[in-house]
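Spelled out, the chains give:
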Amino acid sequence: MSLEKKGNCWMKLILGGDSAVGKTTLVENFVYRDLGEQYKSTIGINIMSKKMDFPQWNSKIEFAIYDLGGQEIYKEVRRKYYLGASAGFLVYDVTNPKSFANIREWYREIISIEPNILLVLVANKIDLEKDRKISTQQGDALAQELGVQYIETSALNRDIVDEAFSTLAVLYIMRKTKVTQDEVKIKTGWVY
Ligand code: GDP
Ligand code: MG
């Protein structure tokens, strides 16, 4: 697929990570930020859609975000949920070492269903500085081990949330169009 020609693309995005690490908060702050209302989560899968503009590439990305709700314990449901996903966030809570230790397991589970998925490791809740247990260095080292990009977020901070999604989108555009990191830097000023 060439983004340059098509002008836009659609990506199914999934989220992996233990319960309560902030997955739902992350996507809801991205999707519902303009509505000024709190979205009430239901049991099951919430599918949300949101477009992001990239004028530098004359492109739009439409995210179809699949947030798995109360059924997270069921492996069989998750396998179906991962199918067809082109990108995903692997989320842990920097105040919760167990959620960090479990990332490898989430990674393996997702990769076993979608081997070519683009994943980004997300260290969430960085606003809780005093309670932080997992350092940037530890997060970075794990990302390198898994061969994925690493970002830090506070799902409560909308600016950082937007950055997380635009990072994923840019990585996706780079992969799809074979745009190089240098070109990204020239066109956006961003460094990845
Ligand atoms: P999920 O189970 O992974 O979907 O987690 P939720 O999004 O439901 O979040 C679990 C709890 O963590 C909620 O009380 C959120 O308000 C809180 N939370 C999520 N992200 C952050 C964050 O970045 N910082 C802080 N301080 N709390 C957060
Ligand atoms: Mg949730």
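In the block above lies the structure referred to throughout.
Note that this is a predicted model, so its numbers are computed, not measured.

Let's shift gears to the overall build of the protein chain. Summing up its helical and strand segments, the protein chain has eight helices and six strands in all. N-terminal to C-terminal, the α/β element order of the protein chain is α-β-α-β-β-α-β-α-α-β-α-β-α-α. Among the 192 residues that make up the protein chain, the fraction classed as buried is 51%. In the form shown here, the protein chain has an accessible surface area of approximately 9900 Å², with 49% of it arising from carbon and sulfur atoms.

With that settled, the discussion passes to helix H5 (residues 103-113). Restricting attention to buried positions, one finds in H5 the residues Ile103, Trp106, Tyr107, Glu109, Ile110 and Ile113. Along the long axis of H5, the arc covered by the buried residues comes to 165°, so they all point the same way. Tucked inside the fold, the buried residues of H5 contact strand S1 (8-16), helix H3 (75-82), strand S4 (87-93), helix H4 (97-101), strand S5 (118-124) and helix H6 (136-146).

Turning next to the environment of isoleucine 103. Locating isoleucine 103 in the fold gives a position in helix H5. Along the chain, isoleucine 103 and alanine 143 lie 40 residues apart, while their C-alpha atoms are 10.0 Å from each other.

For the rest of this paragraph, the subject is the sheet that holds strand S6 (residues 149-152). Read across the open sheet, the six strands follow the order S2-S3-S1-S4-S5-S6; overall the sheet is mixed. The open sheet terminates on both sides in strands that have one partner only, identified here as strand S2 (45-54) and S6. Here the strands of the sheet are splayed against their neighbours by 25° on average, with no regard to which way each runs. In the sheet, S5 pairs with S6 via four bridges, with the strands oriented parallel. Residue pairing in the sheet places leucine 121 in a bridge with tyrosine 150 of S6. Of the strands in this sheet, S1, S4 and S5 are in contact with H5, which crosses S4 at around 165°.

Counting residues in each nonpolar core, the largest one holds 62 residues, and the members touching the most others are Phe63, Phe89 and Phe165. At 10 residues, the largest contribution of residues to this core is made by helix H7 (residues 158-177). Those residues in contact with phenylalanine 63 that lie beyond four places of it in its chain are Met11, Leu13, Phe30, Met48, Ser49, Lys50, Met52, Phe165, Leu168 and Ala169.

Neighbouring ligand 1 are 15 residues; Ala20, Lys23, Thr25, Asp127 and Ala155 lie closest to it. A distance of 3.2 Å separates a nitrogen atom of ligand 1 from a polar side-chain atom of asparagine 124. In isolation ligand 1 exposes 580 Å². Once the protein is present, 72% of that is buried. With three residues, helix H2 (residues 23-31) is the largest single contributor of residues to the shell around ligand 1. Residues belonging to the shell around ligand 1 are distributed by class as follows: five nonpolar, six polar and four charged.

About the criteria used
Residues numbered from 1 in each chain as written. Chains lettered and ligands numbered in written order. Predicted model: local features only at pLDDT ≥ 70, side-chain atom pairs only at ≥ 80, totals over all residues. Heavy atoms only, no water. Helix = DSSP H or I, 4+ residues; strand = E, 2+ residues; numbered from the N terminus. Buried < 20%, exposed > 50% of the residue type's maximum accessible area, 1.4 Å probe, protein only. Areas by Shrake-Rupley, 256 points an atom, 1.4 Å probe, with all protein chains shown as cover. Arc of directions from axis to C-beta. Contact = heavy atoms within 4.5 Å. Pairing = 2+ DSSP bridges. Axes fitted to C-alpha atoms, helices over the stretch in contact; angles between N-to-C directions. Core = buried A, V, L, I, M, F, W, Y, C linked by side-chain atoms within 4.5 Å. Near = heavy atom within 4 Å. Polar contact = N/O pair within 3.5 Å; in protein donor to acceptor, adjacent residues only side chain to side chain. Nonpolar A, V, L, I, M, F, W, Y, C, P; charged D, E, K, R; others polar.

All quantities given are derived from atomic positions and should not be read as evidence of function.
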